[in-house]
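Chain by chain, the residues run as shown.
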Amino acid sequence: MDVIFSGIQPSGSLTLGNYLGALRNFIPFQEKAECYYCIVNQHAITVPQEAALLHERTRNLAALYIACGMDPKKATIFVQSEVPEHALLGWMMICTSYVGEMERMTQYKSKARKEEAKEGFIPLGLMTYPPLMAADILLYQTTLVPVGEDQTQHMEITRDLAERFNRKYGEVFTLPKMWAPQGGARVMSLQDPSSKMSKSDDNEWATIHMLDDTDTIVKKIKRAVTDSLGHVHYDKETQPGVSNLMSIYAALSGKSYEDIERDYEGKGYGIFKKDLTDLIVGEMAPILERYHELTGSPELDRILDEGREKAEAKAHATYTRAIHAMGLYR
Ligand code: AQP
């Protein structure tokens, strides 16, 4: 049976990109695999966070996981910082990493530039993000990691670090494979279709949040960048804005780009955008209803307490093997 691990950072309000690229795809695995779904709050602190907000978002993200259909009876749902083995193995993975390979990570380069411009410094945690992510995955002897296509480079480095460790210290870690949704499902910013939709984007109009109300979604889709060509056609080079909206439409409706082009032939962007809005609202409405029931309920704490215990048991077994392999014991 496959072992699945994945996580999302509570670094902001979740976007449609997080949903289509990651969260939605977590759910079917729980029927056929051993699943660990983590709220990776230690990754969130790789950039400055406000304590009260981080705490609130951590709980909210757990509620959103469950509202999307994650079943605590079938999957282990837990908070990263509550299982100390993540940070402990993370340090061992940092010590297995090379500065050069970390500096080459594209996410590091783009986030470092952004943080330097905003704060005047580059947090070191941004550079050591990939070894911590490797530790998260390797602790559970994970075979498959469902993530968005933007995480390809981090998955490659995870495998490299596992192989490097195994070669030097003996076979401790299973080499995990990445699982990305078909068609890529990389959702781009509604205002700049050359950059990915991100929950930490400062431009509110660029991002659809899963918790946005209907009115806000209507306005954001209306303002989404298109072009002057006026036909619904998929071509990322000449019509990047429209192509991005089409990829969201395709992911939510299950239709192919050809079908969408045929359905909207001669109809212009207005009708297409309205139907797209209806699709998004229709998908999010039941999720939001369940989310609001869960956020204040003690059920959430019970689920996370149980999740922590189950995760810790498995993580501790791998961590013990790793410290013995590395000689980190008396
Ligand atoms: N735009 C996207 N399209 C498809 N998938 C996406 N993911 C994120 N954005 C998109 C997928 O969501 C999962 C969780 O991401 P994360 O929170 O761990 O970090 P991230 O990739 O850095 O996400 P954000 O939204 O861009 O967060 P911030 O702004 O805090 O950095 C991953 O599987 C990712 O592929």
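Because the structure is a prediction, the values reported are computed rather than measured. (Residues numbered from 1 in each chain as written. Predicted model: local features only at pLDDT ≥ 70, side-chain atom pairs only at ≥ 80, totals over all residues. Heavy atoms only, no water.)

Turning to the site of the ligand, a few remarks are in order. Near the ligand lie 22 residues; those nearest to it are K111, D150, S198, K199 and S200. One of the side-chain N or O atoms of Q151 is found 3.4 Å from an oxygen atom in the ligand. Backbone polar atom of M197 to a nitrogen atom of the ligand: 2.9 Å apart, as the coordinates give it. Relative to its unbound accessible surface of 640 Å², the ligand loses 97% to contact with the protein. The element contributing the most residues to the shell around the ligand is helix α1 (residues 16–26), with 4 residues. Along the lines of polarity and charge, the residues of the shell around the ligand split into 7 nonpolar, 10 polar and 5 charged. (Near = heavy atom within 4 Å. Polar contact = N/O pair within 3.5 Å; in protein donor to acceptor, adjacent residues only side chain to side chain. Areas by Shrake-Rupley, 256 points an atom, 1.4 Å probe, with all protein chains shown as cover. Helix = DSSP H or I, 4+ residues; strand = E, 2+ residues; numbered from the N terminus. Nonpolar A, V, L, I, M, F, W, Y, C, P; charged D, E, K, R; others polar.)

The end-to-end C-alpha distance of helix α14 (residues 298–326), which contains 29 residues, comes to 41 Å, matching closely the 42 Å that a straight helix rising 1.5 Å per residue would cover. Listing the buried residues of α14 in full gives L300, I303, L304, G307, A311, A315, T318, Y319, A322 and I323. For α14, the side-chain oxygen to backbone nitrogen distance between the N-cap and E299 is 3.1 Å, and the N-cap itself is S297. Two residues or fewer past α14, G327 is found with a positive phi of approximately 85°. (Expected span 1.5 Å × (residues − 1). Buried < 20%, exposed > 50% of the residue type's maximum accessible area, 1.4 Å probe, protein only.)

Turning next to the packing of aromatic side chains. This model, assessed by the stated rule, comprises 12 aromatic pairs. Aromatic side chains F26 and Y65 sit 6.3 Å apart centroid to centroid with 85° between the ring planes, which places their arrangement in the edge-to-face category. Taken together, the residues F26 in helix α1 and Y65 in helix α3 (residues 51–67) connect sequence positions 39 residues apart. Accessibility classification places F26 together with Y65 in one group, the buried group. Between the aromatic rings of Y234 and Y257, the centroid separation amounts to 3.8 Å while the plane-to-plane angle is 10°, which identifies the pairing as stacked. Residue Y234 is located in the loop between α10 (214–223) and α11 (240–253), and its partner Y257 is located in helix α12 (residues 257–263); the two are separated by 23 residues in the primary sequence. (Phe/Tyr/Trp six-rings, centres within 6.5 Å; stacked < 30°, edge-to-face > 60°.)

On to the packing of helix α4 (residues 85–94) against α14, then. In contact at an axis separation of 10 Å, α4 and α14 are set at 25° when each is read in the N-to-C sense. By the angle between their directions, the pair α4 and α14 is classed as roughly parallel. Here α4 runs over α14; the crossing is left-handed. Residues E85, L88, L89 and M92 of α4 pack against E312, A315, H316, Y319, A322, I323 and M326 of α14. Split by residue class, the contact of α4 with α14 holds 8 nonpolar, 1 polar and 2 charged. (Axes fitted to C-alpha atoms, helices over the stretch in contact; angles between N-to-C directions. Parallel < 35°, antiparallel > 145°, perpendicular 65-115°, else oblique. Left-handed = near helix turned anticlockwise from the far one by under 90°. Contact = heavy atoms within 4.5 Å.)

Counting residues in hydrophobic clusters, the biggest one holds 57 residues, and the most contacted among them are L23 and I280. At 8 residues, the largest contribution of residues to this core is made by helix α13 (residues 268–295). There are two domains that each give this core at least three residues, and those are domain 1 (3–184 + 296–326) and domain 2 (214–291). If near-sequence neighbours (up to four positions away) are discounted, L23 is found in contact with I8, L14, N18, L64, Y65, C68, M70 and M210. In terms of nonpolar packing, the next biggest core, distinct from the first, is built from 39 residues, C38, V40, V47 and A322 among them. (Core = buried A, V, L, I, M, F, W, Y, C linked by side-chain atoms within 4.5 Å. Domains from an automatic or database assignment.)

Turning our eyes to something else, we now look at the pattern of salt bridges. This structure, assessed with the given rule, holds 16 salt bridges. A salt bridge links E82 to R308; its shortest N-O distance comes to 3.8 Å. Here R308 lies in helix α14 and E82 lies in the loop between β3 (75–79) and α4, a separation of 226 residues in the sequence. Judged by its relative accessible area of 32%, E82 falls in the partly exposed class. Overall, R308 belongs to the partly exposed group, its relative accessible area being 29%. Each of E31, D71 and K74 takes part in one network of salt bridges that share partners. (Salt bridge = Lys/Arg side-chain N within 4 Å of Asp/Glu carboxyl O.)

Bringing the domain arrangement of the protein into the picture now. According to the domain assignment, the protein contains domain 1 (3–184 + 296–326) and domain 2 (214–291). At the interface, 11 residues of domain 1 touch 9 residues of domain 2. A combined buried area of about 950 Å² lies between domain 1 and domain 2, and 67% of that area is made up of carbon and sulfur atoms. Considering only the surface of domain 1 that becomes buried against domain 2, L16, Y19 and A67 emerge as the three largest contributors, covering 45% of it. Taken together, domain 1 and domain 2 are joined by 1 salt bridge. Taking the shortest distance from any N to any O, the salt bridge between E299 and R290 comes out at 3.7 Å. At the junction of domain 1 with domain 2, the criterion picks out 3 residue pairs in polar contact (both at pLDDT 80 or more). Examining the composition of the side of domain 1 that touches domain 2, we find that 5 residues originate from one element, α3, more than from any other. (Buried area = accessible area lost by both parts, 1.4 Å probe.)

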